[in-house]
Amino acid sequence: MAALYTTSLCFSGGLASYPLHNSVKFGRVTVRASGVSSSPLFPGHKLQVRGKVFPGNGLPEINDSSLVVCFGEMLIDFVPTISGLSLADAPAFKKAPGGAPANVAVGIARLGGSSAFIGKVGEDEFGYMLADILKENNVNNEGMRFDPGARTALAFVTLRSDGEREFMFYRNPSADMLLQENELDFDLIRKAKIFHYGSISLITEPCKSAHIAAAKAAKDAGVVLSYDPNLRLPLWPSAESAREGILSIWDTADIIKINEEEISFLTQGEDPYDDAVVRKFFHSNLKLLLVTEGPDGCRYYTKEFSGRVKGLKVEAVDTTGAGDAFVAGMLAQLASDLSLLQDEDRLRDALKFANVCGALTVTERGAIPALPTRDAVLDAFLKSVA
């Protein structure tokens, strides 16, 4: 299996080489030299790449002032070593940790932010491996639980020749589906500045009730709620149940990231590129709505302003985790300074940074293994304006 992949970075001109596909969207970034020099990528320079300490229990120290707690599933993705083949024809698979909320937690930590993960895995070798991976990546895992009666979820991923994916899930039920409300670490949730989650944890009980209880505790404590529906239709009983489930918690979120195919799905076919259609998703308490569009970049909507940020061209190997890297790049900056939401210029710079995070992730196989460090993202910026 090839260990290295070439990356082509281009901050202007042409369409990117990776295609549009559901659930993983990011963009191509246009960077002006003045945009980099006049506005810090991390406002106030509060995020640090190094310097995290490990207390006596071996867990990363929690920075309460900028903590992002990610709630939901963590699993093992098995990614084929050769793209363009069906699952049956693939000769071998590479084991890669994944799960959207866990990806975001690791992505934030790699960027120098403070993050924690709350979820459940099996009391098995894979579960313990995932817990160790979080700790190794400076993600606090004290909210992680282990189920002795259910296995850690698995997903086999088919990679087309263009790097896009199809999934086959093994979770019947998997441990993440069995997290109970009485297993939640509410103290950790209330410490967060941002509480991030998806919709997969809403599909079945008891995890659904745990999700709702966790989000309510965060909201009551004044924590900002971040929601990425991350539609995985095969996991839902039906398309209608997916729409109802995803929209059932829509109005409680402060920040929502969605892609154009999810907009089409939730509106049953309306045009996701029509601002009037997108505005239907903007509820009265929403602070920021992000629409990611693959190589076309992303759109942003607040009460005061809206616009588009172009993206970054890369040679895609595996698009798994790119959307999560985008979210991590955005939340890492918002956790440092929520005033970004009121400053359009600084918000645009933050979105450029997030777009680079997503783009760099598709240049390697797997989700967590491919998430970029802050240095790698900043290097891409510097190369773009050299």
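Presented here is an overview of the structure given in this document. This one's a predicted model, so the numbers in the text were calculated from it and none came from an experiment.

### What about the pattern of salt bridges?
- In this structure the tally under the stated criterion is 16 salt bridges.
- Among the salt bridges present, the one from Lys216 reaches Asp220, with a minimum N-O distance of 2.8 Å. Of the two residues, Lys216 and Asp220 both sit in helix H5 (residues 207-220), 4 residues apart, roughly one turn of that helix.
- The exposed category is assigned to Lys216, whose relative accessible area is 53%.

### Regarding the packing of aromatic side chains
- Inspection of the entire model under this criterion finds 12 aromatic pairs.
- With a centroid separation of 6.1 Å and an interplanar angle of 65°, the aromatic rings of Phe78 and Phe126 are classed as edge-to-face. Of this pair, Phe78 sits in strand S2 (residues 75-80) while Phe126 sits in helix H3 (residues 125-136), placing them 48 residues apart in sequence.
- When its relative accessible area of 14% is taken as the criterion, Phe78 is described as buried.
- What makes Phe126 partly exposed here is its relative accessible area of 27%.
- One Lys or Arg, Arg243, reaches over the ring of Phe265 and ends 4.4 Å from the middle of that ring.
- Sitting above the plane of the Phe282 ring, Arg279 keeps its charged end 5.5 Å from the centroid.

### Looking at the packing of helix H9 (residues 322-336) against helix H10 (residues 344-361)
- Where H9 contacts H10, the axes come no closer than 7 Å and their chain directions differ by 145°. The element H9 and its partner H10 pack so that their crossing is right-handed. Note on element contacts: H10 touches H9 through Leu347, Ala350, Leu351, Phe353, Ala354, Asn355, Cys357, Gly358 and Thr361, opposite Ala322, Ala325, Phe326, Gly329, Met330 and Gln333.
- Here the residues of the contact of H9 with H10 sort into 10 nonpolar, 5 polar and no charged.

### Brief notes about the sheet that holds strand S8 (residues 194-197)
- The sheet built from 9 strands is open, its strands ordered S5-S4-S1-S8-S9-S10-S11-S12-S13 with mixed pairing. The sheet is open, and its two borders are formed by strand S5 (140-147) and strand S13 (306-309), each paired with just one other strand. On average, each strand axis in the sheet is inclined to that of its neighbour by 15°, with strand direction left out of account.
- Sheet topology places strand S10 (residues 255-259) next to strand S11 (residues 288-292); 5 bridges connect them, and they run parallel. Among the inter-strand pairings, Ile256 is bridged to a residue of S11, identified as Leu289.
- Here H3 sits on the sheet in contact with strand S4 (114-122) and S5, set at roughly 175° to S5.
- Packing of H9 onto the sheet brings it into contact with strand S1 (67-71), S8, strand S9 (224-227), S10, S11 and strand S12 (298-301), and relative to S8 it is tilted by some 170°.

What counts as what
- Residues numbered from 1 in each chain as written.
- Predicted model: local features only at pLDDT ≥ 70, side-chain atom pairs only at ≥ 80, totals over all residues.
- Heavy atoms only, no water.
- Salt bridge = Lys/Arg side-chain N within 4 Å of Asp/Glu carboxyl O.
- Helix = DSSP H or I, 4+ residues; strand = E, 2+ residues; numbered from the N terminus.
- Buried < 20%, exposed > 50% of the residue type's maximum accessible area, 1.4 Å probe, protein only.
- Phe/Tyr/Trp six-rings, centres within 6.5 Å; stacked < 30°, edge-to-face > 60°.
- Lys NZ or Arg CZ within 6 Å of the ring centre and 35° of its normal.
- Axes fitted to C-alpha atoms, helices over the stretch in contact; angles between N-to-C directions.
- Left-handed = near helix turned anticlockwise from the far one by under 90°.
- Contact = heavy atoms within 4.5 Å.
- Nonpolar A, V, L, I, M, F, W, Y, C, P; charged D, E, K, R; others polar.
- Pairing = 2+ DSSP bridges.

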